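Chain by chain, the residues run as shown.
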Amino acid sequence: MQITSSLDEIRSIVKAAKKNDLLIGFVPTMGALHEGHLSLIRQAMEENDTVVVSIFINPIQFGKNEDFAQYPRTFDTDCKLLSKEGVNVVFNPKASEMYPGGFCTTVVPEHLEDKLCGKSRPGHFRGVATVVLKLFNLIQPDNAYFGQKDFQQTVVISRMAADLNLDVSIKVLPTVRDKEELALSSRNAYLSNTEKKDARCLYQALIKAKDMVNAGEKNAGEIKLEMEKVINNCKSARIDYISIVNPETLEAVPAVQHGDVAAMSVIIGKTRLIDNIILTEN
Ligand code: AMP
C-alpha cells in the first residue's frame, strides 16, 4: 500500500494507473475508520482495479464552533485497517497544500446547501463540495463511493457531478449500523455509554416513520409528529430537525411519494447525530 501526502505524487500515481487502463475507485474519508467506511472500501475493491482512500479532515467544512480540533485522529490504526483490506493508495494531504495562501474558489451547491443540516451548519456543504471536487481532480476516479448515512452530502455530490459534467460515477451505499441499530459514525466516540443507549431513539423514530408509510400513511406532517414523539421521549435528546424530503431537491414534501427520505439531526448531550431512511424502500 502506497501512502502519500504529496499532491505531485498522487498525480503521478494516477497518471501511471490511467496509462495502464486501470479503473480507479475512490473513497474520500476523514479517517477514524469504522465498518461504515470499510463497507465502501470493500465495494470499491470489488469494482475497480486500484482503490484510493483519502484521509483528510477538511478544515473548510467545519464551522467556527464545531469540532475540528477534537475530531478523532487515528491515522496509524486507519492505515493498518486499509492495508488489511488491500487498498492500493492512501492519500492524506496537508491542509496547507490543499488550501495554500490566496485560495478563494469554492463550489456553491445553491438551493441544496441551506436545507436540512445546512441550516445549522452554514458553509458546510460548500466546504464538502469544494474538497470533493479538488480530490476528484487529483485522483480522477472512475467510481467514487459515499454512504447513505450522510444523505444530504450524497445529494450535493451527485448534483455537483451532474451539473459540472464530472466524468465519475457516484455510488451511494447503505448505512452500516451497530447491533443496537445506531448508525456508525466517527463522532459516536464522543458519546458516553448512556448517551449511546439514548441515541437509539434516532433509528426508532425512523422505523416508526417507515412503519406508518408501510401501513398506508402518506401525510408527512402526521409522520413527523409521531417521529418527534419518539425523540422527545428520550430525555437527553434535542431535535435539530426532522424532515421528510424529496431526494433530489431536499424540499419538504406534504405527502410521501416513492423515494422520499425521512432525515433528522438530533443532539444527544453535546453530540449532534444524523440519520435518515428511504421511506418507500423494502
Ligand atoms: P467521513 O469520514 O465521516 O467523512 O465519512 C466518509 C464516508 O463514509 C462518507 O461517504 C460517509 O457517508 C461514509 N460513512 C460514514 N459512516 C457511515 C455508515 N455508518 N455507513 C455507511 N457509510 C458511512
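Scroll up for the structure.
Residues numbered from 1 in each chain as written. Predicted model: local features only at pLDDT ≥ 70, side-chain atom pairs only at ≥ 80, totals over all residues. Heavy atoms only, no water.

Caption draft 1: Geometry of the site of the ligand. By nearness alone, 17 residues border the ligand, and Met30, His37, Asp150, Val176 and Leu184 come closest of all. The backbone of Met30 places a nitrogen or oxygen atom 2.9 Å from an oxygen atom of the ligand. Contact between the ligand and Val176: a nitrogen atom at 2.8 Å from a main-chain N or O atom of the residue. Calculation on the ligand without its partners gives an accessible area of 480 Å², and the protein chains cover 93% of this total. Elements with a minimum of two residues in the shell around the ligand: strand 2 (24-29), helix 2 (35-47) and strand 5 (143-147). Of the residues in the shell around the ligand, the class split is eight nonpolar, seven polar and two charged. (Near = heavy atom within 4 Å. Polar contact = N/O pair within 3.5 Å; in protein donor to acceptor, adjacent residues only side chain to side chain. Areas by Shrake-Rupley, 256 points an atom, 1.4 Å probe, with all protein chains shown as cover. Helix = DSSP H or I, 4+ residues; strand = E, 2+ residues; numbered from the N terminus. Nonpolar A, V, L, I, M, F, W, Y, C, P; charged D, E, K, R; others polar.)

Caption draft 2: Quick peek at the layout of surface pockets. Size it by volume and the second largest pocket reaches roughly 220 Å³. Forming the walls of the second largest pocket are 13 residues, and the residues nearest its centre are Gln148, Pro174, Thr175, Ile277 and Glu281. For the lining of the second largest pocket, the secondary-structure elements that each account for two or more residues are strand 6 (169-173), helix 9 (200-214) and strand 9 (271-278). With three residues, strand 9 is the largest single contributor of residues to the lining of the second largest pocket. (1 Å grid on protein atoms, 1.4 Å probe; cavity = no way out; pocket = protein on both sides within 12 Å on 5 of 7 lines; lining within 4 Å. Points joined across faces, edges and corners; volume = space filled by probe spheres on them.)

Caption draft 3: Representation of the side chain of Lys115. Among the secondary structure elements, Lys115 is positioned in the loop between helix 4 (95-98) and helix 5 (117-120). Judged by relative accessible area, Lys115 falls into the buried class, the value being 14%. Among the polar contacts made by the side chain of Lys115, one reaches the main-chain carbonyl oxygen of His111 at a distance of 2.5 Å. Those residues in contact with Lys115 that lie beyond four places of it in its chain are Gln152, Thr249, Leu250 and Glu251. (Buried < 20%, exposed > 50% of the residue type's maximum accessible area, 1.4 Å probe, protein only. Contact = heavy atoms within 4.5 Å.)

Caption draft 4: Expanded view of unusual backbone geometry. A positive phi angle, close to 60°, is found at Asp21, a residue other than glycine. Turning to its location among the elements, Asp21 is positioned in the loop between helix 1 (7-19) and strand 2. Residue Leu116 is not a glycine yet carries a positive backbone phi of 40°. One can find Leu116 in the loop between helix 4 and helix 5.

Caption draft 5: Seen up close, the packing of helix 6 (residues 124-139) against helix 7 (residues 151-163). For the pair helix 6 and helix 7, interaxial distance at closest approach is 10 Å and the crossing angle is 50°. Classified by the angle their axes make, helix 6 and helix 7 are oblique. At the point where helix 6 passes helix 7, the crossing takes the right-handed sense. Residue-level contacts link Phe125, Val128, Ala129, Val132, Leu133 and Phe136 of helix 6 to Gln152, Gln153, Val156, Ile157 and Met160 of helix 7. (Axes fitted to C-alpha atoms, helices over the stretch in contact; angles between N-to-C directions. Parallel < 35°, antiparallel > 145°, perpendicular 65-115°, else oblique. Left-handed = near helix turned anticlockwise from the far one by under 90°.)

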